[in-house]
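Coordinate analysis (summary)
Residues per chain, in single letters:
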Protein chains: 2
Amino acid sequence: MELTERKKKVLRSVVDLYIRTAEPVGSKAITELPDMKYSSATIRNEMADLTAMGYLEQPHTSAGRIPSAAGYRLYVDELMLDYRLSMDETKSITNAIEEKMQRVDKMVEKVAKLVSQATNLPAISAASRSGNACVQRFELIQAGQGSFILVLMLSGERVVNKLIKLPLDVGESDLKLLSAVLNATMTEIPLEGFTTELMDRMMRSAGAASSLVPVILDFTQETLKNHAATNMAVVGQSRLLGLPEYRDVDKAQRVMASIDEEALSNLPAVMQDANGTKVIVGPENVADELKDTSVVMTKFDIGDGLQGMIGVVGPTRMDYAKVTARLSYFAESLSKMFAKPETPQLPQAEQDDAGQ
Amino acid sequence: MELTERKKKVLRSVVDLYIRTAEPVGSKAITELPDMKYSSATIRNEMADLTAMGYLEQPHTSAGRIPSAAGYRLYVDELMLDYRLSMDETKSITNAIEEKMQRVDKMVEKVAKLVSQATNLPAISAASRSGNACVQRFELIQAGQGSFILVLMLSGERVVNKLIKLPLDVGESDLKLLSAVLNATMTEIPLEGFTTELMDRMMRSAGAASSLVPVILDFTQETLKNHAATNMAVVGQSRLLGLPEYRDVDKAQRVMASIDEEALSNLPAVMQDANGTKVIVGPENVADELKDTSVVMTKFDIGDGLQGMIGVVGPTRMDYAKVTARLSYFAESLSKMFAKPETPQLPQAEQDDAGQ
DNA sequence: TTTAGCACTCCATATCCTTGAGTGCTAAGC
DNA sequence: GCTTAGCACTCAAGGATATGGAGTGCTAAA
């Protein structure tokens, strides 16, 4: 059977209405739409065809139709009309973003919160560094009796430091020597290059300060290992409960538990190869608990090997047009903001921490 | 009316049973408990008295009794039997804690996750620094053409750094001079001491490198301002949905939304003056949405002016004995772990950050 | 002081019925 | 050959009504 223009129009109407009302859509409701000048019987015939073609489903004989996964897919890919953000919307998003975002982890949390607010759905935000890092320079600063600060300058303009305390005394000159040796032997070496052989060699050339070497190299390795670690935030799960499809508490719990845990590790991977905004419609999801839940995601660029991702989780019946529009705008604004060099408050190589 | 020993015993039984079953407790159920050698009629009389005294409530005439807020309070303060952690429990908690906890924020998240798992309830964890900080030493490290690294050593063994890039060239000697001046004028000064007068003086004595001063002082102030910032994590909200009292989706949503937002700012304040483990029973809660939700919290010590807090949110009918036992054990283990100087993997003054 | 017995209350659950939205099909109209 | 009016049919949702059972309070006897 052929998918005529009229069929497409009917399908679009059904999806639109279902998104709005969360109730099966009957032929009469379609008739009442402006711009729809056929009788309910005609629409009925079209809907029967669309059902046969797999784009619509019927919960039971005497109910209206709801879109099937294939129906949503077609809608998302072809049918849906672009949602245009109002001035108010763009302005409030832009305002929100332009507040200071200092550290990456705070930024990730903040962005998740904003997206969740903007879409009224649970949001996931993540940032991760791509590629391998290596140390570009070591710096040792005396900090008192038996304690010094190790500063690592990494590729990608990242700076990391650690206060090291040892029971033994180390002199200024020892530190100078040690840092010279470190810079000579251990720079520009990725994690894989840290062979026992290399570390042994390092130990031997360290001289008087050789007892510091293990501590320093341990921390260095740890840092390199964590370099690609993903920073992630999930915010606003409770918004799911406002939607009729999650009146079923068990379902809500399954979905929420799964976005808490599983998605947390899976989604960034899914995002890897995608470009632009990606929509995963219900059954296309890998995780079983998410079979009737859709996900919309976008990447954004932070620069310097840092990759960001924002996503939204919601019912299969979600307002894809609105959500994708807002998400894209977010991603765009964020990318733009990080690209602008004159903006003073970018996530700088600030650091924070703990106290012993 | 006097609260006899027998009345107390009956009350304890009612609370215990209600905690287990979430159903109103009838006189017969009490009779069937071991160690309860009265007939249902006697128990009925006692329950009638307890109801008159305000410790029990009756949803409707022909239902059993449920504890009132006052009943819970009495139970928590006097009646409840100490829950003894099994070997398995202590072991699994200890194991979980002993994994590396590097940075404070990661640690906070991790702890929240563990507590939530251990109690099967949503958990809140927070860490905050108390008191005012000041810089103990400034250190400037040349990092390339027109860029250098600012390292601040703060009170409490905290170290923070930032990569600063400027369009102008700064020489090694300029940096040396500048850091000497900074260390001479700006150390040991809390945030309040950063008067415009002082900053002006600083500017004047900085000489050739005076253009760096604003950037440096801005960052320093920002850091001091953020010093007492609370790090917080909320985990496991979805666990609420497993409980019968939150089958009512609206209620669940209200509670979840409120622990997401409000509690986030209020709880640490509540904790401030408390000592040991604190239980807030339902209606004692300030926030309206939490009127039928209880909170159990404990502080723990991280040392170096860092204070930790873990808490759990659940239905008024929660297993207070078990929850407080587990929470206290957690707090104790954490405090002990941070006190032990020989433990190698404490949240050290490690740092991490962002790109750009 | 305790307890057996009894009448009473009231919620929860099951069952039945009604209502109405929506369908598919057929036959007539354009 | 489409389109549409009409009609019989289906089925879930919601309201009304019964039924059962858990639990109570009270009284009177042990």
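Residues numbered from 1 in each chain as written. Chains lettered and ligands numbered in written order. Predicted model: local features only at pLDDT ≥ 70, side-chain atom pairs only at ≥ 80, totals over all residues. Heavy atoms only, no water.

Focus on the overall build of chain A
Quick note on the threshold: Numbering of helices and strands runs from the N terminus, with a helix taken as a DSSP run of H or I at least four residues long and a strand as a DSSP run of E at least two residues long. Atoms counted for the radius of gyration: C-alpha only. Globule rule: 2.2 Å times residue count to the power 0.38. Each residue is placed in one exposure class: buried if its accessible area under a 1.4 Å probe, protein chains only, is under 20% of its type's maximum, exposed if it is over 50%, and partly exposed if it falls in between. Note on definitions: a residue-residue contact is assigned when non-hydrogen atoms from the two residues lie within 4.5 Å. Residue-level accessible areas treat just the shown protein chains as cover; the underlying method is Shrake-Rupley with a 1.4 Å probe.
Looking only at helices and strands, one finds 12 helices and 10 strands in chain A. Relative to the globule expectation of 21 Å for 356 residues, the C-alpha radius of gyration of chain A, 27 Å, shows a markedly less compact shape. Across its three principal axes, chain A shows a C-alpha extent of roughly 95 × 40 × 35 Å. Here chain A holds 356 residues, and 51% of them are scored as buried. Pairs at least 24 residues apart make up 61% of the contacts formed inside chain A by residues separated by at least 6 positions. With the model as given, the accessible surface of chain A reaches about 15,800 Å², and the carbon-plus-sulfur share is 49%.

With respect to the nonpolar core
How we decide: Residues enter a nonpolar core if they are buried and are Ala, Val, Leu, Ile, Met, Phe, Trp, Tyr or Cys, with the set joined through side-chain atoms within 4.5 Å.
Within the largest apolar cluster, 148 residues are counted, with the highest numbers of intra-cluster contacts made by Tyr-320 of chain A together with Tyr-320 of chain B. Here Tyr-320 of chain A is in contact with Ile-19, Tyr-72, Tyr-75, Val-76, Met-80, Val-279, Val-281, Ser-294, Val-296, Pro-315 and Ala-325 of chain A, once residues within four sequence places are set aside. Judged by nonpolar contacts, the second largest core, of 29 residues, contains Leu-140, Ile-164, Val-181 and Met-186 of chain B.

Regarding the protein's contact with DNA strand C
The line we're drawing: If even one non-hydrogen atom of a residue comes within 4 Å of a molecule or strand, that residue is called near it. Nitrogen and oxygen atoms within 3.5 Å of one another constitute a polar contact, given that in protein one can donate a hydrogen and the other can accept it, and given that sequence-neighbouring residues count only through two side-chain atoms. Classes in brief: Ala, Val, Leu, Ile, Met, Phe, Trp, Tyr, Cys and Pro nonpolar; Asp, Glu, Lys and Arg charged; the others, Gly included, polar.
For DNA strand C, the set of nearby residues contains 20 residues, the closest of which are Ser-27 and Arg-65 of chain A together with Thr-42, Thr-61 and Ser-62 of chain B. Close to the protein, within 4 Å, the atoms of DNA strand C are drawn from sugar and phosphate at a rate of 78%. Between DNA strand C and the protein, one listed contact pairs a phosphate oxygen with a side-chain N or O atom of Ser-27 of chain A at 2.7 Å. The side chain of Ser-62 of chain B places a nitrogen or oxygen atom 3.2 Å from a base oxygen of DNA strand C. Counting residues per element, the surface near DNA strand C draws most heavily on helix H3 (residues 40-52) of chain B, at four residues. The residue makeup of the surface near DNA strand C, split by class, is four nonpolar, 12 polar and four charged.

Considering the side chain of His-227 of chain B
Its place among the elements puts His-227 of chain B in the loop between helix H9 (213-226) and strand E7 (231-235). Excluding anything up to four places from it in sequence, His-227 of chain B contacts Arg-129, Ser-130, Gly-131, Ala-133 and Arg-158 of chain B.

A word on the pairing of strand E4 (residues 135-144) of chain B
All names here are of chain B. This is how it is decided: One requirement defines pairing of two strands: DSSP has to find at least two bridges between them.
The pairing of E4 with strand E5 (residues 147-154) spans eight bridges and is antiparallel. The residue bridging Arg-137 from the neighbouring strand is Met-153, located in E5. In this antiparallel pair of consecutive strands, E4 and E5, the connection spans two residues, and Gly-146 shows a positive phi of 65°.

A look at the pairing of strand E3 (residues 123-129) of chain A
Looking along a regular strand, one sees the side chains alternate between the two faces of the sheet. All names here are of chain A. With six of its seven residues buried, E3 lies for the most part within the structure. Where E3 lies against strand E7 (residues 230-235), six bridges are found, and the strand directions are antiparallel. Directly across from Ala-127, in E7, lies its bridge partner Asn-231. Relative to strand E10 (residues 306-315), E3 runs antiparallel, the two being bridged by seven bridges. Bridge assignment links Ala-127 to a residue of E10, and that residue is Gly-308.

Topic: the protein's contact with DNA strand D
In the vicinity of DNA strand D there are 20 residues, among which Arg-6, Thr-42, Thr-61 and Ser-62 of chain A together with Ser-27 of chain B approach most closely. When the atoms of DNA strand D within 4 Å of the protein are grouped by moiety, sugar and phosphate amount to 77% of the total. Taking Ser-62 of chain A, its side chain carries an N or O atom lying 3.2 Å from a base oxygen of DNA strand D. Within the backbone of Ala-63 of chain B, a nitrogen or oxygen atom sits 3.4 Å from a sugar or linking oxygen of DNA strand D.

Considerations on the packing of aromatic side chains
Filter applied, for reference: Aromatic rings from Phe, Tyr and Trp, with only the six-membered ring used for Trp, were paired whenever their centres fell within 6.5 Å, and each pair was classed as stacked if the ring planes differed by under 30 degrees, edge-to-face if by over 60, and tilted otherwise. Remark: a charge is flagged as sitting over a ring if the NZ atom of Lys or the CZ atom of Arg is within 6 Å of the ring centre and within 35 degrees of the ring normal.
A full pass over the atoms with the stated rule returns two aromatic pairs over all chains. Of note, Lys-251 of chain A hangs over the ring of Tyr-246 of chain A, and the distance from its end group to the ring centre comes to 5.4 Å. Sitting above the plane of the Tyr-38 of chain B ring, Arg-6 of chain B keeps its charged end 4.4 Å from the centroid.

Digging into the confidence of the model for chain A
What counts here: For every residue, the predictor reports its confidence as pLDDT, a number between 0 and 100.
Averaged over every residue, the pLDDT of chain A is 86; the share at 70 or more is 90%. Counted against residues more than four places away or in other chains, residues 342-356 of chain A, with its pLDDT under 50, gives 85 contacts.

Re the packing of helix H6 (residues 104-119) of chain A against helix H12 (residues 320-339) of chain A
Residues and elements named next belong to chain A. Just so we agree on the cut-off: Helix axes are fitted to C-alpha atoms over the stretch in contact, other axes to C-alpha atoms as well, and angles between N-to-C directions run from 0 to 180 degrees. Small angles under 35 degrees read as roughly parallel and large ones over 145 as roughly antiparallel, with 65 to 115 read as roughly perpendicular and the rest as oblique. Helix crossings are classified by the rotation of the near helix relative to the far one: an anticlockwise turn of less than a right angle makes the crossing left-handed, while a clockwise turn makes it right-handed.
Across the interface, H6 lies against H12 with an axial gap of 10 Å and an inter-helix angle of 150°. Classified by the angle their axes make, H6 and H12 are roughly antiparallel. Taken as a pair, H6 and H12 cross one another with a handedness that is right-handed. Here Met-107, Val-111, Leu-114, Val-115 and Ala-118 of H6 lie close against H12, whose contacting residues are Arg-326, Leu-327, Phe-330, Leu-334 and Phe-338. Class assignment of the residues belonging to the contact of H6 with H12 gives a composition of nine nonpolar, no polar and one charged.

Overview of the environment of Val-181 of chain B
Residues and elements named next belong to chain B. Inspection of the secondary structure assignment puts Val-181 in helix H7 (residues 172-185). Overall, Val-181 belongs to the buried group, its relative accessible area being 15%. Residues Val-181 and Met-202, 21 residues apart in the sequence, show an inter-C-alpha distance of 7.7 Å. Those residues in contact with Val-181 that sit more than four places away from it in its chain are Met-186, Met-202 and Ser-205.

Description of the sheet that holds E5 of chain B
Residues and elements named next belong to chain B. The antiparallel open sheet is built from three strands, whose spatial order is E4-E5-E6. The open sheet is flanked by E4 and strand E6 (158-165), the only strands paired with a single partner. Direction aside, the axes of adjacent strands within the sheet are offset by 20° on average. Pairing of E5 with E6, which is carried by eight bridges, proceeds in the antiparallel orientation.

Re the pattern of salt bridges
Residue and element names in this part refer to chain B. Definition in use: Definition used for salt bridges: Asp or Glu carboxyl oxygen within 4 Å of a side-chain nitrogen of Lys or Arg.
A complete count under the given rule lists 28 salt bridges over all chains for this structure. The closest approach of N and O atoms between Glu-78 and Lys-8, which form a salt bridge, is 3.9 Å. With a gap of 70 residues between them, Glu-78 in helix H4 (residues 69-79) and Lys-8 in helix H1 (residues 5-21) connect regions that are remote in the sequence. Ionic pairing is found between Lys-9 and Asp-35, a salt bridge with its closest N-O pair at 3.5 Å. In this pair, Lys-9 sits in helix H1 while Asp-35 sits in the loop between helix H2 (27-31) and H3, placing the two residues 26 residues apart along the sequence. Take Lys-9: its relative accessible area is 27%, and that puts it in the partly exposed class.

Observations regarding H9 of chain B
Structurally, the α-helix is built with 3.6 residues per turn, so residues lying three or four positions apart point the same way. Residues and elements named next belong to chain B. To keep things clear, this is the line we draw: By this rule, a helix spans an expected 1.5 Å times one less than how many residues it contains.
With 14 residues, H9 should reach 20 Å at 1.5 Å per residue; the first-to-last C-alpha distance of 20 Å fits that figure. Taken as a whole, H9 has its buried residues at Val-213, Ile-216, Leu-217, Phe-219, Thr-220, Gln-221, Glu-222, Thr-223 and Leu-224. Against the buried residues of H9 lie E4, E5, E6, H7 and helix H8 (196-205).

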